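Chains, contacts and geometry: an overview
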Amino acid sequence: GMDSALDGGVLGREAEGIEAHWEKDVVALHAHEREITVYAWERLSTIEGLRILGPGPDRRGGLLAFTLDDVHPHDIAAVLDMHGVAVRAGHHCAQPVHDRFGVPATARASFYIYNTLEEVDTLAEALERARAIFSF
């Protein structure tokens, strides 16, 4: 029963193993998030008219808030959705930040352990299409 497991320290050893595994996974998760974020920053920075708000890739988590020329973020999100890319659009509960950067709203792409570099490429390609649709 549980009493014998506790007396023998079994759960203590298992907990140590779980903790070590978790720490290893957190390191891998962070490394993946960094790789994706840096790649996304570099890839999206090549798109004419796209402005990434906030600090550089070394000082941020796995998300990028951006504008694309004078296209409203909801329009950007709609076009990206047609290409199978999901982003958030709006204030993101950060109106003072938008005021600081002089924009009414932004689109925001978020990255995590389940995202791939290929998905960043898909995002960039869809943004190029959105730019082409709204350029006049």
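In this text, all values refer to a predicted model and were calculated from it rather than measured experimentally. (Residues numbered from 1 in each chain as written. Predicted model: local features only at pLDDT ≥ 70, side-chain atom pairs only at ≥ 80, totals over all residues. Heavy atoms only, no water.)

What about helix α3 (residues 73-82)?
Of all the residues in α3, the buried ones are P73, I76, A77, V79 and L80. The buried residues of α3 all sit within an arc of 165 degrees when viewed along its axis, so they share a single face. Looking at α3, the residues exposed on the side facing more than 90 degrees away from the buried face are D81 and M82. At the C-terminal side of α3, G84 shows a positive phi close to 80 degrees. (Buried < 20%, exposed > 50% of the residue type's maximum accessible area, 1.4 Å probe, protein only. Helix = DSSP H or I, 4+ residues; strand = E, 2+ residues; numbered from the N terminus. Arc of directions from axis to C-beta.)

Quick notes on the pairing of strand β2 (residues 63-68)
One face of the sheet, then the other: side chains in a regular strand alternate in exactly this way. Counting buried residues in β2 gives 5 out of 6 residues, a clear majority hidden from the surface. Here strand β1 (residues 50-53) runs beside β2; their pairing, made up of 4 bridges, is antiparallel. Looking across to β2, one finds that L53 is bridged to A65. Sheet analysis places β2 next to strand β4 (residues 106-110), joined by 4 bridges and oriented antiparallel. (Pairing = 2+ DSSP bridges.)

Quick notes on the sheet that holds β2
Pairing between the strands of a sheet is mediated by backbone hydrogen bonds and can be parallel or antiparallel. Strand order in this open sheet of 4 strands is β1-β2-β4-β3, and the pairing throughout is antiparallel. Strand pairing shows two members of the sheet lacking a second neighbour, β1 and β3 (88-90), which therefore form its edges. Within this sheet the neighbouring strands show an average axis-to-axis angle of 30 degrees, counted without direction. Sheet contacts for α3: β2, β3 and β4; angle to β3, the most-contacted strand, approximately 160 degrees. Running at roughly 15 degrees to β2, helix α5 (residues 117-134) makes contact with β1, β2 and β4 of the sheet. (Axes fitted to C-alpha atoms, helices over the stretch in contact; angles between N-to-C directions. Contact = heavy atoms within 4.5 Å.)

Regarding the layout of surface pockets
Space inside the largest pocket adds up to approximately 220 Å³. Around the largest pocket, the lining is made up of 13 residues, and of these V85, A86, S110, N115 and E119 lie nearest the centre. Where the lining of the largest pocket is concerned, the elements lending two or more residues are β4 and α5. The greatest single-element share of the lining of the largest pocket, amounting to 4 residues, is contributed by α5. Partitioned by chemical class, the residues of the lining of the largest pocket number 8 nonpolar, 4 polar and 1 charged. (1 Å grid on protein atoms, 1.4 Å probe; cavity = no way out; pocket = protein on both sides within 12 Å on 5 of 7 lines; lining within 4 Å. Points joined across faces, edges and corners; volume = space filled by probe spheres on them. Nonpolar A, V, L, I, M, F, W, Y, C, P; charged D, E, K, R; others polar.)

Read these as geometric descriptors, not functional statements.
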